[in-house]
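Listed here are the chains, written in short residue letters.
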Amino acid sequence: MAIKCPIKYYGIISDIVDMDADLAEFTGDIPTLNDLRVTLEDAFPDMKEVNYLFAVNQTLISDLTLELKDNDEIALLPAFSGG
Amino acid sequence: MQNKRYDKQIQLTEIGISGQGKITKAKVLVIGAGGLGCPVLQNLVAAGVGNIGLVDGDVVDETNLHRQFLYTLEDIGKKKVAVAKAVVSRQNPAVNIEVYPNYFTNQNAFEIVSDYQILVDCTDDNKTRYLMNDIALVKNIPMVYASIHQFEGQLSVFNYQNGPTYRCLFPESKDLKMNINCNDSGVLGVLPNLLGVMQANEVLKIILGIGEVLNGKLFLYNALTSNIQTINFFLNEVEKAKGIQNGLAVLNKLLNIGVGTIASKDFFTETANENNLVIDIRETYEEPKLEPENINVVPLAQLEDFLKDIKRNQKIILFCQEGNRSKLTGEYLIKKGFANVHHLSNGIESLLKKNI
């Protein structure tokens, strides 16, 4: 069964992936947040240079072993620095 | 007789005369007099915040004028804080404004923060944000944060009533490639102005004790899409401890705190005092052992773990065989934020000589 999760990209992360939002699709094993991180960082190596955090359903998640469910809303948030 | 300036806000039942009194008594420090700092300052001054500090070492540049409305062409090259004070003092002469024409650094941070009750982060670099966060933790005062990236803004309040800190949201990373300030990345003037007004709103809510402060919530705004989102985050004790440790280390360095020495003749008086935390840092095979009950035997490898719940102002007495290791260990503990560290200057061997 495929799992689909909407993703929002913020700040410099959205510059790197060149989009504000996307829909991630996973097939096979239940995906974790870390699986998503690895997939994205493989596709966009510049992301490895950025200090960013994950939120799932509007809550900051520090444990990347979290298993994703269909329709989980994921956000990738870097710290902003301008002022 | 009281002037009418604040009548419209006093009319709000949440504020009233007593609320206005709180605003008048408040002491708020605004760090940064740029895109965020200008609207923060203008709004706090207009609301009648009685005591405002403004910190910035920068001078006015022509590229500031499209978003920093306190400054004009004639001000180019002048210190921002001096111009800002002159302008807002005309807006509301009753407000006491202290200016600090320097950047906020390890060297001046504690002196500037002094007895201000709220820090407002209007800077454009994350290194200063960590410093501000850590000082706010040591002083146990809240920090109102905002920051922008191109068309996006972030807003939150840290260390409010022991809530989460900047480090809980963004743990410090050695990699600072993300540290691009808005000079490099471009900014539309309306965005910092909008965020600055919202920072002033958080400050006023904190002063008045009304509404819901953005405690443990990161507010996100995208000016292009008008998309708004709020992310919840939580206190991370490990990150908070890092912040307190760094803040205390900055303080200790400032106070020039070093490792105190204890002479062999005073050693047993000090160890007998149960208020002191006495630690034998020697390895378990080292002789001779000392018997008094108040001595903790903690080899170096276990010391950090042993001290993890110890208050940073606890008097600690370290000793080793000759006094070298205990001195180095003491210096390390001071860097970790401990402020009251002593060692037996010539080690156990000095005690033995005395007994011969």
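Residues numbered from 1 in each chain as written. Chains lettered and ligands numbered in written order. Predicted model: local features only at pLDDT ≥ 70, side-chain atom pairs only at ≥ 80, totals over all residues. Heavy atoms only, no water.

### Here's the deal with the environment of Leu169(B)
So, step 1. For Leu169(B), the location among the structural elements is in helix H7 (residues 166–169).
So, step 2. Under the relative-accessibility criterion, Leu169(B) is labelled buried at 2%.
So, step 3. If we skip the residues at most four places from it in the chain, Leu169(B) touches Leu53(A), Leu60(A), Phe158(B), Leu218(B) and Phe233(B). (Helix = DSSP H or I, 4+ residues; strand = E, 2+ residues; numbered from the N terminus. Buried < 20%, exposed > 50% of the residue type's maximum accessible area, 1.4 Å probe, protein only. Contact = heavy atoms within 4.5 Å.)

### Structural notes on the confidence of the model for chain A
So, step 1. Of the residues in chain A, 99% reach a pLDDT of 70 or more, and the chain-wide mean stands at 93.
So, step 2. Looking at the elements of chain A, mean pLDDT is at its lowest for strand S2 (residues 21–26) of chain A, recorded as 92, and at its highest for strand S4 (residues 59–61) of chain A, recorded as 96. (pLDDT = per-residue confidence, 0-100.)

### Comments concerning the pairing of strand S10 (residues 277–280) of chain B
Residue and element names in this part refer to chain B.
So, step 1. Going residue by residue along S10, you find Leu277 and Ile279 tucked away on one face and Val278 and Asp280 tucked away on the opposite face as well.
So, step 2. Pairing between S10 and strand S12 (residues 316–319): 4 bridges, direction parallel. Pairing of valine 278 across the sheet is with isoleucine 317, part of S12.
So, step 3. Sheet topology note: the S10/strand S11 (residues 295–297) ladder contains 3 bridges and is parallel. Each residue of the ladder has a partner; that of aspartate 280, found in S11, is valine 297. (Pairing = 2+ DSSP bridges.)

### Details of helix H10 (residues 237–254) of chain B
Residue and element names in this part refer to chain B.
So, step 1. Relative to the 26 Å expected for 18 residues at 1.5 Å per residue, H10 spans 26 Å between its end C-alpha atoms, a close match to the ideal helical length.
So, step 2. Every buried residue belonging to H10 is among Glu239, Lys240, Gly243, Gly247, Leu248, Ala249, Val250 and Asn252, and all of these are buried.
So, step 3. Buried residues belonging to H10 abut helix H5 (109–113), helix H6 (126–139), H7 and helix H13 (324–335).
So, step 4. Between the side-chain oxygen at the start of H10 and the backbone nitrogen of valine 238 there is a gap of 3.0 Å, and the oxygen is on asparagine 236.
So, step 5. Positive backbone phi, approximately 60°, marks asparagine 256, located one or two places after H10. (Expected span 1.5 Å × (residues − 1). Polar contact = N/O pair within 3.5 Å; in protein donor to acceptor, adjacent residues only side chain to side chain.)

### With respect to the nonpolar core
Residues and elements named next belong to chain B.
So, step 1. Grouped together as the largest cluster of nonpolar side chains are 47 residues, with contacts concentrated most on Val28, Leu44, Val49 and Ile207.
So, step 2. Looking at which element gives the most residues to this core, the answer is helix H9 (residues 190–208), with 8 residues.
So, step 3. Apart from residues lying up to four places away in sequence, valine 28 is in contact with Leu44, Val49, Asn51, Ile52, Gly53, Tyr116, Ile118, Val120, Val203 and Ile207.
So, step 4. Of all hydrophobic cores here, the second largest spans 36 residues; its members include Ile31, Val113, Met143 and Ile231. (Core = buried A, V, L, I, M, F, W, Y, C linked by side-chain atoms within 4.5 Å.)

### Concerning the domain arrangement of chain B
It is common to give the size of an interface as the accessible area lost on bringing the parts into contact.
So, step 1. Structurally, chain B comprises domain 1 (7–238) and domain 2 (257–352).
So, step 2. For domain 1 of chain B and domain 2 of chain B, the distance between their C-alpha centres works out to 43 Å. (Domains from an automatic or database assignment.)

### Examining the interface of chain B and chain A
So, step 1. Across the contact, 39 residues belong to chain B and 23 residues belong to chain A.
So, step 2. Here chain B and chain A share 13 residue pairs in polar contact (both at pLDDT 80 or more) between them.
So, step 3. The element that contributes the greatest number of residues to the side of chain B that touches chain A is strand S8 (residues 227–232) of chain B, accounting for 5 residues.
So, step 4. A per-class count over the side of chain B that touches chain A returns 17 nonpolar, 15 polar and 7 charged. (Nonpolar A, V, L, I, M, F, W, Y, C, P; charged D, E, K, R; others polar.)

### Some thoughts on the pairing of strand S1 (residues 27–31) of chain B
All names here are of chain B.
So, step 1. In terms of burial, S1 is largely enclosed, as 4 of its 5 residues are buried.
So, step 2. As defined by bridge partners, S1 adjoins strand S2 (residues 51–55) across 5 bridges and the pair is classed as parallel. The residue bridging valine 30 from the neighbouring strand is leucine 54, located in S2.
So, step 3. The parallel pair S1 and S2 is bridged by helix H3 (residues 37–47), and the resulting crossover is right-handed.
So, step 4. Relative to strand S4 (residues 118–121), S1 runs parallel, the two sharing 4 bridges. The partner of valine 28 across the bridge, within S4, is isoleucine 118. (Right-handed = clockwise from strand over helix to strand, strands pointing away.)

### Observations regarding H6(B)
All names here are of chain B.
So, step 1. Under the 1.5 Å per step criterion, the end-to-end length of H6 is 20 Å for 14 residues, consistent within 8% with the ideal 20 Å.
So, step 2. In terms of burial, H6 is a largely internal element, 11 of the 14 residues being buried.
So, step 3. Those residues of H6 that sit buried are Asn126, Thr128, Arg129, Tyr130, Leu131, Met132, Asn133, Asp134, Ile135, Ala136 and Leu137.
So, step 4. Here H6 starts with a cap whose side-chain oxygen sits 3.3 Å from the backbone nitrogen of lysine 127, and that cap is aspartate 125.
So, step 5. A positive backbone phi angle near 55° is found at asparagine 140, which sits one or two residues after H6.

### Quick look at the packing of aromatic side chains
What characterises a pair of aromatic rings is the spacing of the ring centres plus the angle enclosed by the ring planes.
All names here are of chain B.
So, step 1. A full pass over the atoms with the stated rule returns 9 aromatic pairs over all chains.
So, step 2. Pairing tyrosine 145 with tyrosine 166 gives two aromatic rings, centres 5.5 Å apart and planes at 40°, and the pair type is tilted. Residue tyrosine 145 is located in strand S5 (residues 143–149), and its partner tyrosine 166 is located in helix H7; the two are separated by 21 residues in the primary sequence.
So, step 3. Exposure remark for tyrosine 145: the relative accessible area of 0% places this residue in the buried category.
So, step 4. Classification of tyrosine 166 as buried rests on a relative accessible area of 0%.
So, step 5. A connected cluster of aromatic rings, assembled from ring pairs, spans Tyr130, Tyr145, Phe158, Tyr166, Phe170 and Phe233. (Phe/Tyr/Trp six-rings, centres within 6.5 Å; stacked < 30°, edge-to-face > 60°.)

### With respect to the sheet that holds S10(B)
Residue and element names in this part refer to chain B.
So, step 1. Strand order in the open sheet made by the 5 strands is S9-S13-S12-S10-S11, with parallel pairing throughout. Lying at the two open borders of the sheet, with one neighbouring strand each, are strand S9 (260–262) and S11. Strand-to-strand twist across the sheet, computed as the mean angle between neighbouring axes with direction ignored, equals 30°.
So, step 2. Most of the contacts of H13 go to strand S13 (residues 341–344), to which it runs at about 175°, and overall it touches S12 and S13. (Axes fitted to C-alpha atoms, helices over the stretch in contact; angles between N-to-C directions.)

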